[in-house]
Structures are given as C-alpha cells and as structure tokens.
There are 2 protein chains.
Amino acid sequence: MLYLQVIFYTMYTTKELQEKVSKLFENRNYLTEPNELYEPIQYSLSQGGKRLRPLLSYMACSLFGGDLNEVSNSAVGLEIFHNFTLLHDDIMDKSPLRRGMASVYHKWDTNTAILSGDTMFVIAYEYVTKTNPGILIDTLKTFNQTAREVCEGQQYDMNFEKNNDISIDNYMEMIRLKTAVLIAAALKIGAIAAKAAKADIDKIYDFGILIGLAFQLRDDYLDAFGDSKIFGKPIGNDIVTNKKTYLYLMAYQLTENTHKLDEAFAIDEVKEKVDTVLKIYNDLDIKNITQRKIVELYDKALLIFNSINRPQKDKEQMYSFLHQLVKREV
Amino acid sequence: MLYLQVIFYTMYTTKELQEKVSKLFENRNYLTEPNELYEPIQYSLSQGGKRLRPLLSYMACSLFGGDLNEVSNSAVGLEIFHNFTLLHDDIMDKSPLRRGMASVYHKWDTNTAILSGDTMFVIAYEYVTKTNPGILIDTLKTFNQTAREVCEGQQYDMNFEKNNDISIDNYMEMIRLKTAVLIAAALKIGAIAAKAAKADIDKIYDFGILIGLAFQLRDDYLDAFGDSKIFGKPIGNDIVTNKKTYLYLMAYQLTENTHKLDEAFAIDEVKEKVDTVLKIYNDLDIKNITQRKIVELYDKALLIFNSINRPQKDKEQMYSFLHQLVKREV
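Since the model is a prediction, treat every value here as computed from it, not as a measurement.

Q: Looking at this model, I keep getting lost on the overall build of chain A. Mind explaining?
A: In terms of helices and strands, chain A carries 16 helices and 2 strands. Compactness check: chain A gives a C-alpha radius of gyration of 21 Å against a globular reference of 20 Å for 330 residues, within 12% of the reference. Its C-alpha atoms give chain A principal-axis dimensions of about 85 × 50 × 35 Å. When the 330 residues of chain A are sorted by exposure, 45% land in the buried category. In chain A, once contacts between residues fewer than 6 apart in sequence are set aside, the share between residues at least 24 apart is 72%.

Below you can see the structure in the form of structure tokens.
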C-alpha cells in the first residue's frame, strides 16, 4: 500500500503556540550539585511569568513557515537569559519582590544571586549552542548583541537615577536597550530559524523594537492610569519611587512650574503624593500625550509588519496578539 | 620569476608565543558608551596579569601544528572570561585588591562590578563566536562546560568557608572546578583549533587538569613556605584568613590534637598566628607531604603528556614551561 505524504506548513493558533511554550518549560529540573547554586535557579525558572520571549520566537518562526523544533532551544535560552538579568537587576535595584515572590537576592543573599545568575547565563548559552549548525552563527550573533545591549540599558537606567538632565530621547534609547532589543531578538531568532529572507528578518526586528518601546510606554502608562484590580500591581509605584518614566520626563518637559513638580515628588505621604502628581499629570494632559505616543509607535510598527512578505491571513494572529499586548490593561 | 613556496609548520618558542599573546591584548580599546559600564572593563583588562590561559591555547595549537589565527579569538575570549570571574569573585570574597591594584568592586561599587562583569562575559562569547565555523561547536561546548564548572567551583569554595567537615577529596574536586578546568580548557581549545585527533584532545585536557591541580597546590604551598621576596605576596595570608587550603585540611587530618590547631588559628596577633601554625605544619611534615602530592600529580600529568602523538622535540617546550609553572617560586 502506498501513502502519499503531503508536506505543508501549518499555522498554529496563538493558544496552541502558548501551550507548546508552556510544555518547553514543564518539568524541567535544574537541580544538581552544588545545591546552593542550583536551588535558586530552579526557584527562578519555576516561577512562570509570561514566557513572552519564547512565545514571540515561536510566533515568528510559525509566521515564516518554519519548523518550531529549529527554534525551541534558542527560545529556552532567551527565557533563561531574561531570568538571569532579573536576578542581577534585583540586586542592583534592591527589589525584594519578583512576580509576587521574594527575589533571589532577598530570599538568599547577594552572592547567591550573583553566582546563580552567572550560571543561568551559561545555561542560556548552552541552549543556544544546541541550535542547528546552519543557523547557529546568526542566532549566536543576535544573542550576543542583545545581551550586551541589555547590559548597556541597565547601566543607563542606573545612571538616570543620579542624573536630573534626562531627555525623552535619552529615555527612549534606554528602554530600547533595556527592553525592546530582547523582544526584537526573540522575533528575529524565530525568523532566522525559519530561514526567512534577510529583508524580512530585518523587518521583523525593527517591528519588534517599535512594539517593545510601545510595550514599555504602556507599562509606564498603566502604572499611573491603569486599574489596579486589572493591572495586578498597586497604581502609582513609579510615582512613589520618583522613577524617571516617560510620564515623569514629559511632565517636567511640559510644565511651566518645575518647582511645583519637585514639591509634589517630595511629598512623604504616599496617597497624597500619588494624588498630587496625578493631578499635575492630568493638568498637563500626560495621559493623552502618552497614549498618542503609543499609538504612533504602534502605527509605525504596523507599517513595517504590513510590508513583510507573508500572506495577510498568516499575519493576523501575530497582529492581534501584539495589539492586545500593547493595548493591554494588565 | 617563480617562487617555490614551501609550507611547513613552525614550532614557536615559548618566548615567541608569549610575545604573540601580548600583542593580542595590546592597544585594545573597550571604551564606548555608557562609560560607567566600559571604564571598569578597560581597567580590568589593561592590568595585564600572566595571560596564562591564552598562552596555553597558543602552546597547544602550536604543539599540534595548528595555525595560531584559528585559536586567537577563543584565546582572547578565555582571558576575558577569566577576568570576568575575578570581578565577580572579588565581590563575593570581599577582596579589595587584585594584582596589587584596587579591585573593581572596591574602586567603584558592587553594582558596577556585577554589570561590568556580565558585559565582559558577553564580550568573551563574542570572541568565541568569531571562531571558524568548522570548529565553533566543539569550542563553544568546551567553553560552556568550563564556564559552568568554574561557577560550581566558586560555589563549593564559598560553601567550604561555612563548613568544617571538608575532606581532602572535597578540596581537590573544588580546585579542579575552580582552577584546573579553565587551564585544561585553554589547552583543549588550542588542540581543537589545530584539528588534533580526538584521543589527543582528550589527553591534553586530562593533562591540563592534573597540571591545574598541581598549580593550585603549589599556590597553597608557596603561601606558607615560599620566599615573600620572590613570591611577591606576604607569606601566610591563607593562614591569617583561616583559608581551608590543602595544607590546612591535611594538618587537621594528621594531627592528634585538633584543639591545638583550633587554638593556633584563633590567635589574633598576625605574626604570632603565622609562626604558631607554621610550627605545627612543620611538626606534621606538611611541607614534604604537599611537595610529594605536587610531584605525584606532575608525574601523572607527564605520563599522559608522553603518550600524546607528537614528536618528542615538539613537546619539550611545553614540558619545560609547565615544569617551571608547577615548580615555580613566584
């Protein structure tokens, strides 16, 4: 008996891809000796999180008709790399909480978070190294460049805390490095795995940068104007900590009375401080200005996305997922 | 006019290789924006040091008749990786000095040493990634495994500080991970670059492990029995800090009066402490025992080295260099 095998590529739904990504991380056991080193790694990687970066790699690979197996190792590597940066960032930012649980540095100590983080970085490279040799170098180069830029972004973020002369452009460059490049790299690595055309690989990367910027501005926006019940975090945390967000910098740029802003940010009592700053933000129309900037970035992203050489029907899923991500309330 | 080109491989002298390694690091400029991130990297990588690991890569590549250009990028990567581990180790061990200068964590601060260290780790991988594709995967796998084991070694070293039940075997395994694997990897990567036979690559690695162990025991030995003028560091620093070295552990294993050792290590006054501990070490014949162990490791290493399939005359240089390294007074 003869079977005729027809090979055609399947577009998975976002939900199917999300399930495949979850499976990638299910039941992974990083525990080995010395336990003091690997227990915090197991703890960090078992906390879940959105697994956004591997999902984006899968979506891009699927969009370009690739085999998901070709990108699964680098996708895991990207997620582990992302979690490594969180371990070290939490030390530097003195953040006791991560995803509602004690951060590694807080639960154990600084030395543990340093060394377990370093080891996670190695594990990330171990996964990337398993990539098919034909696409290994392009994948590694993307990974290296991204890792370096994420470090640079964290440095700028720390510099900004001590510097009162930050422009909106400085800020956009910082969030490009700290947040957007990893989102863009996740998409690019998926496209590389699918052997997409060079021009399309570049386009999905540029698209990812714009989506990443919009994603971060949406985060800034929700901190001030979100619904705490939906957002899942208390509103106004950035205001309480005097964080130099897009909103903060825009307010200082637009106000005619910086003294009044200084005074508001100097208030001790938390609720009074948040209310006073929000009142100034509203007077300066910061809410609409930020929304317009997000829409502007999103529209630019869409223009690039539309020019990617794939059938419109195959693009709709990623379009709808990213729309939801950028317009998200949570 | 016709030139007849004869290609034959040249064995470089150790001195020539040392000069070539120096050139690899001359005038390298890592400075770029953000300056706060790259200045400590430039500082760390300009301090010099022995550049032992790249030299070993060059020696192994040369021994197997390879082209040094094939290993130069990974050799630089290994040295930068080594320096990255020093940055992070100095935070964890609270060491204010490195090569007679302020350590990065001490000159700047912990956050700087964490993030500049992370960036050096990325830069190390950038160099390794430049390796010829034909040998990239083997090189990367060696690099990854080594990096992970060095982290494990540092963890064991930290564990030992809090643990009073360390056997000599535990100690040998710790220094294998913390010190020996990187020396062995440097040799292995050189052999891979020269496309040596699999059996010889394994042999030079095993040889490197034994040499690395002997090298570390020699370090322990010199701290107690060296000549401070030649050694370049004050004698007895390990004793003053109650460091669990081979000598310390052997003394506790051999003594019939641990109480007397506890008392000696509890002495406050530095000179009195060093003298008292050294007196016990001498009574227990620790000097000769340690020397015999070094010779035993060295002889085992030599046995492996002799079985490597290269002409005896080509081996003599590495043999003489490593003999000097292990028998070194400095």
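Q: What should I look at first to understand the nonpolar core in this one?
A: For soluble globular proteins, nonpolar side chains are generally found buried alongside one another. In terms of nonpolar packing, the biggest core is built from 196 residues, with Ala124 and Ala214 of chain A together with Ala124 and Ala214 of chain B touching the most fellow members. Residues in contact with Ala214 of chain B, not counting those within four places in the same chain, are Ile294, Leu297, Tyr298, Ala301 and Val326 of chain B.

Q: Honestly, the domain arrangement of chain A in this entry has me stumped. Any pointers?
A: Interfaces are often sized by the accessible area lost when the parts come together. All names here are of chain A. The domains assigned to chain A are domain 1 (11-25 + 33-147 + 183-196) and domain 2 (197-312 + 319-330). The element contributing the most residues to the side of domain 1 that touches domain 2 is helix 8 (residues 168-193), with 6 residues. Here the residues of the side of domain 1 that touches domain 2 are counted per class, giving 10 nonpolar, 1 polar and 1 charged.

Q: Looking at this structure, how should I read the relation of the copies chain B and chain A?
A: Look at the two chain copies: a rotation about an axis and a shift along it is all it takes to match them. Between chain B and chain A, the superposition needs a rotation of 180° and an axial shift of 0.0 Å, giving an RMSD of 0.0 Å. On the angle and the small slide along the axis, the relation comes out as a two-fold axis. Of all interface residues in chain B, 100% are interface residues in chain A too; the two copies therefore contact each other through one and the same surface.

Q: Where do I start with helix 4 (residues 69-92) of chain A in this structure?
A: The α-helix advances 3.6 residues per turn, and as a result positions three or four apart in sequence lie on the same side. Residue and element names in this part refer to chain A. Relative to the 34 Å expected for 24 residues at 1.5 Å per residue, helix 4 spans 36 Å between its end C-alpha atoms, a close match to the ideal helical length. Burial runs high along helix 4: 22 of the 24 residues are buried. After helix 4 finishes, the residue Lys94 shows a positive phi value of roughly 50°.

Q: Help me understand the packing of helix 4 (residues 69-92) of chain B against helix 8 (residues 168-193) of chain B, please; the structure alone is not making it clear to me.
A: Helix-helix packing is described using two parameters, namely the angle between the two axes and the distance between the axes. All names here are of chain B. Remark: helix 4 packs on helix 8, axes separated minimally by 9 Å, with the N-to-C direction vectors making an angle of 165°. The angle between helix 4 and helix 8 places the two elements in the roughly antiparallel class. Crossing of helix 4 against helix 8: the hand is right-handed. Contacts between helix 4 and helix 8 involve Glu70, Val71, Ser74, Leu78 and His82 from the first element and Leu182, Ala186, Ile189, Gly190 and Ala193 from the second. Classifying every residue of the contact of helix 4 with helix 8 gives 6 nonpolar, 3 polar and 1 charged.

Q: Got a minute to help me understand helix 8 of chain B in this structure?
A: Residues and elements named next belong to chain B. Given a rise of 1.5 Å per residue, 26 residues ought to cover 38 Å, and the 35 Å separating the end C-alpha atoms of helix 8 matches this to within 8%. Remark: the principal bend of helix 8, roughly 50°, maps to Ala180. Looking one or two places after helix 8, you find Lys195, whose phi comes out positive at around 55°.

Q: It is not clear to me how the environment of Asn170 of chain A should be interpreted in this structure. Could you clarify?
A: Looking at the element boundaries, Asn170 of chain A is found in helix 8. For the pair formed by Asn170 of chain A and Asp299 of chain A, sequence separation is 129 residues and the distance between their alpha carbons is 22 Å.

Q: Would you explain the interface of chain B and chain A in this entry?
A: Taken together, the 31 residues of chain B in the interface contact 31 residues of chain A. Counting only elements with at least two residues in the side of chain B that touches chain A, the list comes to helix 2 (35-45), helix 4, helix 6 (110-129) and helix 7 (133-162) of chain B. Ranked by the residues each element gives to the side of chain B that touches chain A, the list is headed by helix 7 of chain B, at 15 residues. For the side of chain B that touches chain A, the per-class residue count stands at 17 nonpolar, 8 polar and 6 charged.

Q: What should I look at first to understand the packing of helix 4 of chain A against helix 6 of chain B in this one?
A: Where helix 4 of chain A meets helix 6 of chain B, the axes come as close as 10 Å, and the angle between the chain directions of the two elements is 160°. The angle between helix 4 of chain A and helix 6 of chain B places the two elements in the roughly antiparallel class. Like other packed secondary-structure pairs, helix 4 of chain A and helix 6 of chain B cross with a definite hand, here left-handed. Contacts between helix 4 of chain A and helix 6 of chain B pair His88, Ile91 and Met92 of chain A from the former with Asn111, Ile114, Leu115 and Asp118 of chain B from the latter. Partitioning the contact of helix 4 of chain A with helix 6 of chain B into residue classes produces 4 nonpolar, 2 polar and 1 charged.

Q: Explain the environment of Glu79 of chain B here, please?
A: All names here are of chain B. In this structure, Glu79 sits in helix 4. Sequence-wise, Glu79 and Glu26 are 53 residues apart; in three dimensions their C-alpha atoms are separated by 13 Å. Filtering out sequence-adjacent residues up to four positions away, Glu79 remains in contact with Arg51, Arg53 and Pro54.

Q: Explain the confidence of the model for chain A to me, please; I cannot follow it from the model alone.
A: Note that predicted coordinates carrying low pLDDT should not be read in detail. Mean pLDDT over chain A: 93, with 94% of residues reaching 70 or higher. Here the predicted complex scores 0.94 on pTM and 0.94 on ipTM.

About the thresholds
Residues numbered from 1 in each chain as written. Chains lettered and ligands numbered in written order. Predicted model: local features only at pLDDT ≥ 70, side-chain atom pairs only at ≥ 80, totals over all residues. Helix = DSSP H or I, 4+ residues; strand = E, 2+ residues; numbered from the N terminus. Rg over C-alpha atoms; globule rule 2.2 N^0.38 Å. Buried ≥ 20, exposed ≤ 12 C-beta atoms within 10 Å, placed from the backbone. Contact = placed C-beta atoms within 7 Å. Core = buried A, V, L, I, M, F, W, Y, C linked by C-beta atoms within 7 Å. Domains from an automatic or database assignment. Nonpolar A, V, L, I, M, F, W, Y, C, P; charged D, E, K, R; others polar. Least-squares fit on C-alpha atoms with pLDDT ≥ 70 in both. Expected span 1.5 Å × (residues − 1). Axes fitted to C-alpha atoms, helices over the stretch in contact; angles between N-to-C directions. Parallel < 35°, antiparallel > 145°, perpendicular 65-115°, else oblique. Left-handed = near helix turned anticlockwise from the far one by under 90°. Bend = angle between axes of the 7 residues up to and from the residue. pLDDT = per-residue confidence, 0-100.

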